[in-house]
Amino acid sequence: LQLVGVTSLFIACKFEEIYPPEVRDCVYITDHAYPREKVLEMEHKILKTLNYQICVPTGYHFMVRYLNYINASCHLRNLSFYYAERNLQEYDMLNCLPHKFAAGALYAALHQVQMGHPQPRTTPTRNVWTIELTELTGFTEGDLLVCASGILKHVQEETITASKRQLIATKKKYSVEKYFNISALPVPRLGLSTMDYF
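Note that this is a predicted model, so its numbers are computed, not measured.

Asks: Help me understand the nonpolar core in this model?
Replies: One recurring pattern in soluble globular proteins: nonpolar side chains tend to sit buried together. Within the largest apolar cluster, 36 residues are counted, with the highest numbers of intra-cluster contacts made by M63, Y83, L106, W129 and I151. Broken down by secondary-structure element, the contributors of at least two residues to this core are α4 (59-69), α5 (74-86), α6 (98-116), α7 (131-137) and α8 (141-156). Residue contributions to this core peak at nine residues, all from α6. If you look at the next biggest cluster of nonpolar residues, it comprises eleven residues, including L3, V6, I11 and M42.

Asks: So what exactly am I meant to see when it comes to unusual backbone geometry here?
Replies: With the exception of glycine, most residues fall at negative phi, and the peptide bonds are largely trans. Phi at Y52 takes a positive value of approximately 60 degrees, unusual for a residue other than glycine. By secondary structure assignment, the location of Y52 is in the loop between α3 (36-49) and α4. Backbone geometry places F180, a non-glycine residue, at a positive phi of 60 degrees. Tracing the chain through its elements places F180 in the segment after α9 (169-173). Using a relative accessible area of 39% as the deciding quantity, one classes F180 as partly exposed.

Asks: Looking at this structure, I do not really get the packing of aromatic side chains. What am I missing?
Replies: Here a ring pair, both rings aromatic, is described through the centre-centre distance and the interplanar angle of the planes. Counting across every chain of the model gives six aromatic pairs. Pairing Y107 with W129 gives two aromatic rings, centres 5.8 Å apart and planes at 80 degrees, and the pair type is edge-to-face. Placement of the pair is Y107 in helix α6 and W129 in the loop between α6 and α7, with a sequence separation of 22 residues. As far as burial versus exposure is concerned, Y107 and W129 are alike and both buried. Relative to Y179, the ring of Y174 has its centre 4.7 Å away and its plane inclined at 50 degrees; by these criteria the two rings are tilted.

Asks: Help me out: how do you make sense of a nonpolar patch on the surface in this one?
Replies: Where nonpolar side chains cluster on the molecular surface, the patch consists of L9, Y28 and I29 and spans about 350 Å² of accessible area. Within the secondary structure layout, L9 lies in helix α1 (residues 2-16).

The rules behind these values
Residues numbered from 1 in each chain as written. Predicted model: local features only at pLDDT ≥ 70, side-chain atom pairs only at ≥ 80, totals over all residues. Heavy atoms only, no water. Core = buried A, V, L, I, M, F, W, Y, C linked by side-chain atoms within 4.5 Å. Buried < 20%, exposed > 50% of the residue type's maximum accessible area, 1.4 Å probe, protein only. Helix = DSSP H or I, 4+ residues; strand = E, 2+ residues; numbered from the N terminus. Phe/Tyr/Trp six-rings, centres within 6.5 Å; stacked < 30°, edge-to-face > 60°. Patch = residues over 30% accessible without salt bridge, like charges linked within 9 Å, V, L, I, M, F, W, Y side chains within 5 Å. Areas by Shrake-Rupley, 256 points an atom, 1.4 Å probe, with all protein chains shown as cover. Salt bridge = Lys/Arg side-chain N within 4 Å of Asp/Glu carboxyl O.

Put into structure tokens, the structure is as follows:
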């Protein structure tokens, strides 16, 4: 298991990092439990098993595309990323495919932005999910309600591990001025009962 772990890290670093570690670094961090040849052999096995398909689009890739398409403000970008990042640690959000997850986080963020800028009473409520966004994402507003509601539900919760440790890094990250204190904003309600979540 240690060999699989260190080799997987080695592959990921080679794919993502500008200056990836060398094989000797992998041997060193395993305290020389495996020689260089074993690491390279495991790398070959892993890549062959995966058919060399190690890159898949994540929610982040879709989120960037959606936000760029609508020329989103910094405020909306930070809010969308906060909602998405906060939900990365939630097991039930794995039920949402990456492109739907990104669209759900954006949908929830758009509702928060609209909540912060209420329309005058004479103006009908503006629909936050436009035809263009439906065409871009492939999802209607109705398709996103459950996913977005789940995202907002988790944003309101304090995450605590089984060992009673609080997971507050994302909330803390987005509580600073650089991110417009996004995590302190009120969370919108989308009208689903808690029975409607995953």
